[in-house]
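Inside the fold
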Amino acid sequence: MMKNWWKILTVLLLIFTVVAGVLSEVPRLAILNETIRNLYFHVPMWFGMILILLISVIYSIKYLRNPTIKNDVIAYEAAKVGILFGVLGIVTGMEWAKFTWGEYWSNDPKQNASAIGLLIYFAYVVLRSSFAEQQQRARISAVYNIFAFAALIPLLFILPRLTDSLHPGNGGNPGFNTYDLDSRLRMVFYPAVLGWTMLGIWIVNVRSRFELLRQRLYETV
Amino acid sequence: MRKINAVLLKEILYLIQKDLVLEWRQKYAFNGMLLYVGSTVFVCYLSFGLRQFSDDSGPIWNALLWIILLFTSVNAIAKSFMQENRGRLLYFYSIVSPQGIILAKIVYNTLLMLLLAFICFVFYAFVLGNPVQDIPMFLLSLLLGAIGFSTSLTMISAIASKAANSSTLMAILSFPVIVPMLLMLIKMSKNAMDGLDRGASLDELLTLLAINMIVITVSYILFPYLWRS
Amino acid sequence: MKLFRILAICCFIVGALAGLTQVQAQPEQAQVEYSSAPAESDIEMADTLRQDGKIWVVVVVLLTVMTGLIIYLITLDRKVGKLEKQFKE
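Residues numbered from 1 in each chain as written. Chains lettered and ligands numbered in written order. Predicted model: local features only at pLDDT ≥ 70, side-chain atom pairs only at ≥ 80, totals over all residues. Heavy atoms only, no water.

1. Quick word on the packing of aromatic side chains
Residue and element names in this part refer to chain A.
- As enumerated under the stated definition, the model contains 12 aromatic pairs over all chains in all.
- Relative to Tyr 124, the ring of Tyr 76 lies with its centre 6.4 Å away and its plane at 55°, an arrangement referred to as tilted. One end of the pair, Tyr 76, is in helix H3 (residues 69–100); the other, Tyr 124, is in helix H4 (residues 109–129), with 48 residues separating them in the sequence.
- Exposure remark for Tyr 76: the relative accessible area of 19% places this residue in the buried category.
- Above the face of the Tyr 104 ring, Lys 98 is positioned so that its terminal group lies 5.1 Å from the ring centre. (Phe/Tyr/Trp six-rings, centres within 6.5 Å; stacked < 30°, edge-to-face > 60°. Helix = DSSP H or I, 4+ residues; strand = E, 2+ residues; numbered from the N terminus. Buried < 20%, exposed > 50% of the residue type's maximum accessible area, 1.4 Å probe, protein only. Lys NZ or Arg CZ within 6 Å of the ring centre and 35° of its normal.)

Set out below in C-alpha cells:
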C-alpha cells in the first residue's frame, strides 16, 4: 500500500483536474469561450510527452553506460507512451483548432514541429524493428534516441519562438505566458500537468514490468 | 593529454587523406554525384519552366534548390559508411580510435558537400536564372547548410549502415532530424535572396551554428558506442 | 581524453545557451492579436459544437483523450491475455 501512494495521488490529481477543470471559474475570452478549459486536457499532453520522452532518453543513456535489458525495455516503452501522448496531443489540438482558428491544420509552427517530433519517434520504432539481434538493437536504437532527442530540442524550443504562431507565448515561454494564464488557471493547470504525466509514468511502469516478465518467460522456456 | 590529442589529429588527417585518395581512385562515384546534381537541376528546369522570374517565384526557386541539395547530400553521404567493406572496418577498428573516424568522416563529408553544393548552385543559377541579390550571404548560408547536412547525415548514415535495409532507413531517420536545419537555411537564404539587411539573418545564423555544435558534440560522444558493435 | 569529453560537453552547453539567449534576446516581436477576429459572432452557425460557449469542444477533447487511453489499455490487456495463454501451454 505504501509503495503505491503515487498511484493514488495520480488518481486524485486526475479527478481534481476533471472536476475543477469543468466547474471552476475561468476568464472570459473572446473566441476561446469555454474552450479555455482545454488548457487542462490538451496542453498537459505535450508536457507529458516531453517529460516521458526525457525519461526514455535518460534510460537510453543509462543503457549505454550499463547495458541491461531493463534499461532498454524502459526506454522503449517510455518512447511508445510518449508517442501515445503526442498523438493524443495532436488530435485534441486539431479538434480545438477547428473551432477556434477555423482549420484542423493551420500551418502553425508548433503544429508542424509536433508532427515532425512524432515522425522522429516513429522512425525510432521502425529502426528498432529492423534489427534481429537484441543487443545490437538495444544499443543502436539507444544511440538514435539520444541523437534524435538532441535534434528535437531546437525544434521544440527555439523554432516556434522565431516564427509567428497562433499559439500564445511565442515570445516568452513555450506553452503560455502571464497575460493569458491568470492565477485561477494556474491553480488547476499545474495539478493537471502533474496528474497526466504521472498517469503516463504509470503506464510506462505497467508496460515495462509486463515486457520484462515476458522476456524472462521466454528465457526459461 | 596533449600527446593524445596530437595522435587524434594525426589519425583524422590520415583518414581524410585515405578517403580523398579512395575518392580520387574511384572517380565514377564522384562523377555519378555530379551527374545526379546536373540531371536533377535539368529535370527541375524542364518541369517548372521557371526561366523567367516574376517576383513571386523566389520562394519556389529557393525551396527547390534546398530540396535538390538535401537529396544530393542524402545520396552522397549514405555511402560513407556502407561502402566500407568488413575487412577494412575491422582493420580500422584495431588501429584508430572511433572519435578519429567520426571526426574524419564529418570533415571529409563536409568538404564533399561544399564542393557539390557550390557546383549545384552555380549550375542551378546558370540554368534557372539567378535572382540572388546578396551573393556573399547566400554563399554563407550554403556553407552552413553543407556543414549542417554533412554533420547530421554522417551520424545517421553510421546508424543506418548497421541495420538491414539501410537505404530506406537513411531517409526515414534523417529527414525529421534535418527539418529544423532546413527551415532555418531556407529562411536565411531567402533573406539573402531579397538582399535584406544582413543583421536580419543573425538569429538564423546563430541558431544554425548552435544546432551544428549540438549535433557534432552529440555524435562525438555517441559514435564510440555505435562503433563497438 | 577525459578533458576532451568535458570540453565537448561545455561546447554543447555553450551552443545550447547561445541558441536560447539569442532567442530570448529578441523581444516579443510579434504580439499576435487574438482579439482581432472578424466580427462574425452574430452569425449563428448550425453547429452544435459551437453552442453553449463551445463547451462541447472541451467534451470532445476529453472524450478523445479517454478513447486514446482506453484503446491503449485494451491492446495491453490483449497482450497480457496472449502471454497468459502461452504460459498455460
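Next, the rest of the story.
2. Focus on the UniProt feature "transmembrane region" (unreviewed entry) in chain A
Residue and element names in this part refer to chain A.
- Here, UniProt's "transmembrane region" (unreviewed entry) annotation points to residues 40–61, 73–93, 113–131, 143–162 and 188–206.
- With 89% helix and 0% strand, residues 113–131 has its two end C-alpha atoms placed 28 Å apart.
- Regarding residues 188–206, the helix share stands at 100% and the strand share at 0%, and the terminal C-alpha atoms are separated by 27 Å. (UniProt positions renumbered as here; feature names shortened; annotations may be inferred.)

3. Comments concerning the pattern of salt bridges
All names here are of chain A.
- Scanning all chains against the criterion turns up five salt bridges over all chains.
- With a closest N to O distance of 3.2 Å, Arg 128 and Asp 72 form a salt bridge. Taken together, the residues Arg 128 in helix H4 and Asp 72 in helix H3 connect sequence positions 56 residues apart.
- Taking the relative accessible area as the measure of exposure, Asp 72 reaches 5% and is therefore buried.
- Among the salt bridges present, the one from Arg 207 reaches Glu 77, with a minimum N-O distance of 2.7 Å. Linking Arg 207 in helix H6 (residues 183–220) with Glu 77 in helix H3, this pair joins segments that are 130 residues apart in sequence. Each member of the pair, Arg 207 as well as Glu 77, is classed as buried.
- Through salt bridges with shared partners, a single ionic network connects Glu 77, Lys 80 and Arg 207. (Salt bridge = Lys/Arg side-chain N within 4 Å of Asp/Glu carboxyl O.)

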